[in-house]
Every structure is written in structure tokens, then in C-alpha cells.
Amino acid sequence: MAAANINQHGLHGLEVTMHAQQGKGHILAELMVLASKRVKQLTGCRLYLVQQSSENTDLIFVSEVWDNQESHQVSLTDERIGEIISQARPLIVNMEFTPTIPVSE
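Residues numbered from 1 in each chain as written. Predicted model: local features only at pLDDT ≥ 70, side-chain atom pairs only at ≥ 80, totals over all residues. Heavy atoms only, no water.

Novice: Which parts of the structure should I look at to understand the confidence of the model for the chain?
Specialist: Parts of the prediction with low pLDDT should not have their coordinates interpreted in detail. Counting all residues, the mean pLDDT for the chain is 91, and 90% of those residues have values of 70 or more. Every residue in residues 1-6 scores below 50 in pLDDT, and together they form four contacts with partners more than four places removed in sequence or on other chains. (pLDDT = per-residue confidence, 0-100. Contact = heavy atoms within 4.5 Å.)

Novice: It is not clear to me how the packing of helix 2 (residues 25-39) against helix 4 (residues 79-88) should be interpreted in this structure. Could you clarify?
Specialist: Two measures define how a pair of helices packs: the angle their axes make with one another and the distance between the axes. At their nearest, the axes of helix 2 and helix 4 sit 10 Å apart, and the two run at 170 degrees to each other. It follows that helix 2 is roughly antiparallel to helix 4 by the angle criterion. Contacts between helix 2 and helix 4 involve L28, L31, M32, L34, A35, R38 and V39 from the former and R80, I81, I84, Q87 and A88 from the latter. Its residues assigned to classes, the contact of helix 2 with helix 4 shows nine nonpolar, one polar and two charged. (Axes fitted to C-alpha atoms, helices over the stretch in contact; angles between N-to-C directions. Helix = DSSP H or I, 4+ residues; strand = E, 2+ residues; numbered from the N terminus. Parallel < 35°, antiparallel > 145°, perpendicular 65-115°, else oblique. Nonpolar A, V, L, I, M, F, W, Y, C, P; charged D, E, K, R; others polar.)

Written out as C-alpha cells, the structure reads:
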């Protein structure tokens, strides 16, 4: 498959891995679920899936798919999302961001 054809849908994807403080994964997961309920209402959000590792409950994954990168950036300016991020930030030890190219809808 040619690389130029991979993102034929023009979508913007992101995989986020969050490492919570020891024993705080369930709280972080709950906050991310709250965020997902708000984010899914925003224009351009196709997917905001929150998952928790079955082997390490302090490891939270968020899979995001947006119509475009601009829609994703606008979501970060939403006041309610900002409040949730403020609550979640102290629980997070480390975060990893992996940009992705959605290849199917």
C-alpha cells in the first residue's frame, strides 16, 4: 500500500498512554470517561475511547479519531475539558502521545 493512499479519509488520529500514580488508575480512568462524554459532543470527534490495562490498572489508554487536526486542537480549548485536564494532571506520572493515521472508518 502506498503511503500517500493510507490517509485517504483525511482523518487525524492520536493514541495517548497515561501512567497514573500507583493506585490512582481507576480515578484517572473515571476522569477520562467524563472527558469522553464531553468530547464526543464536540464537532469533529469521531472516536474517543478510554481503556484501562488489564495487567496494570494504573495504565490508561485513550484512542482518538478526529475529522482533522484543527478539530482536535479546538477541543483542547473547551472550558469543561480544561477543568477535567486540571483534575487529571496531578494523577499522571507520564504520558506518551502517538500520532496515528486512521485507515478505516
